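# Structural overview for review
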Amino acid sequence: MAKILLVEDEDKVSSFIKKGLEEHHYQVDVAKDGIAGLTNVLQDSYDLIILDVMLPLINGIDLCKQIRQKQSQVPILMLSALGTIDDKVTGLHAGADDYLIKPFHFNELLARIEALLRRRNMAETTTHLLTFADLKLDTWDKTAERAGKKITLTAKEYALLELFMRNPGKLLSREYMLEKVWGLNFDTGTNMVDVYVNYLRNKVQKGFNNKLIHTVIGMGYIMKVQQ
């Protein structure tokens, strides 16, 4: 089930889109302004983001730019009543992958979402080499190395490292990590995530001055280059 973030301040529009997408078995989170949308992006991981252009607090163009500055490759579909060529070009230059003019037929929205997700899945299939700083991960033969030095990982350590490397610069909550790595959608009441992050740190960071996996107290973990 693909997870979609919808950033839309008009209640009728957001309710219409959310209901329709959920009927097609998508999971949908809704944010009503640009700041709430950015918070969702930083705290969770999405397969696709739908952005209205005219948003309170942070408009859709600026929000799109901020998402892209964090090196996020998530597909972004922009919605707007502004339909001139210049408006479309502005949205695409901001980092949007597609631009849909209001009002629209739901079937067209659905078709564009399916096309963007298909494109992303194809890219993920063909991109089997993940890199971050001097760290490399081959998702075909499940091997990792840092600065040319091979790293031996258990299955769960590998899954955890792949999750970090597919989400660089993004804060990952413990709950999200439990779901993606262990398949659990509830809090186990243990410190299992913290234990495995420490295992991974010892293997990935030992002997290197530049730490890559950082703790955000009370929120989770993030992979970034230490400033």
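Scroll up a little and you will see the structure.
Residues numbered from 1 in each chain as written. Predicted model: local features only at pLDDT ≥ 70, side-chain atom pairs only at ≥ 80, totals over all residues. Heavy atoms only, no water.

Considering soluble globular proteins, one finds that nonpolar side chains tend to be buried as a cluster. Within the largest apolar cluster, 26 residues are counted, with the highest numbers of intra-cluster contacts made by Leu 135, Leu 161, Phe 164, Met 165, Met 177 and Met 223. Those elements that provide at least two residues to this core are strand S6 (129–132), strand S7 (135–138), helix H6 (155–166), helix H7 (174–182), helix H8 (192–205) and strand S11 (220–223). Residues contacting Met 165, with those up to four places away along its chain left out, are Leu 130, Thr 131, Phe 132, Leu 135, Lys 136, Leu 137 and Met 223. Within the second largest apolar cluster, 21 residues are counted, among which are Leu 5, Leu 38, Leu 51 and Met 78. (Core = buried A, V, L, I, M, F, W, Y, C linked by side-chain atoms within 4.5 Å. Buried < 20%, exposed > 50% of the residue type's maximum accessible area, 1.4 Å probe, protein only. Helix = DSSP H or I, 4+ residues; strand = E, 2+ residues; numbered from the N terminus. Contact = heavy atoms within 4.5 Å.)

A separate point is the sheet that holds S6. Strand pairing in a sheet relies on backbone hydrogen bonds, with the paired strands running either antiparallel or parallel. In space, the 4 strands of this open sheet follow the order S6-S7-S8-S9, with antiparallel pairing throughout. Edge positions in the sheet fall to S6 and strand S9 (149–151), since each of these pairs with one other strand and no more. Between one strand axis and the next, the sheet turns by 25° as a mean value, whatever way the strands run. Where S7 and strand S8 (residues 143–146) come together, 4 bridges link them in antiparallel fashion. The residue of S8 that forms the bridge with Lys 136 is Glu 145. (Pairing = 2+ DSSP bridges. Axes fitted to C-alpha atoms, helices over the stretch in contact; angles between N-to-C directions.)

Another point: helix H3 (residues 60–69). Every α-helix winds through 3.6 residues per turn, so residues three or four apart in the chain are directed the same way. Buried within H3 are the following residues: Gly 60, Ile 61, Leu 63, Cys 64 and Ile 67. In an axial view of H3, the angular spread of the buried residues amounts to 165°, which keeps them on one side of the axis. Measuring from the backbone nitrogen of Ile 61 back to the side-chain oxygen at the start of H3 gives 3.0 Å, which picks out Asn 59 as the cap. (Arc of directions from axis to C-beta. Polar contact = N/O pair within 3.5 Å; in protein donor to acceptor, adjacent residues only side chain to side chain.)

Packing of H6 against H8 brings their axes to within 10 Å, and their N-to-C directions diverge by 80°. By the criterion of interaxial angle, the relationship of H6 to H8 is roughly perpendicular. Residues Lys 156, Glu 157, Leu 160, Leu 161 and Phe 164 of H6 pack against Tyr 196, Val 197, Tyr 199, Leu 200, Lys 203 and Val 204 of H8. Of the residues belonging to the contact of H6 with H8, the class tally is 8 nonpolar, no polar and 3 charged. (Parallel < 35°, antiparallel > 145°, perpendicular 65-115°, else oblique. Nonpolar A, V, L, I, M, F, W, Y, C, P; charged D, E, K, R; others polar.)

What follows is about the packing of H6 against H7. Their axes nearest at 10 Å, the elements H6 and H7 cross at an angle of 125°. Here H7 runs oblique to H6, going by the angle between their axes. The chirality of how H6 crosses H7 is right-handed. Of the residues in H7, those touching H6 at Lys 156, Ala 159, Leu 160, Leu 163 and Phe 164 are Tyr 176, Met 177, Lys 180, Val 181 and Trp 182. Of the residues belonging to the contact of H6 with H7, the class tally is 8 nonpolar, no polar and 2 charged. (Left-handed = near helix turned anticlockwise from the far one by under 90°.)

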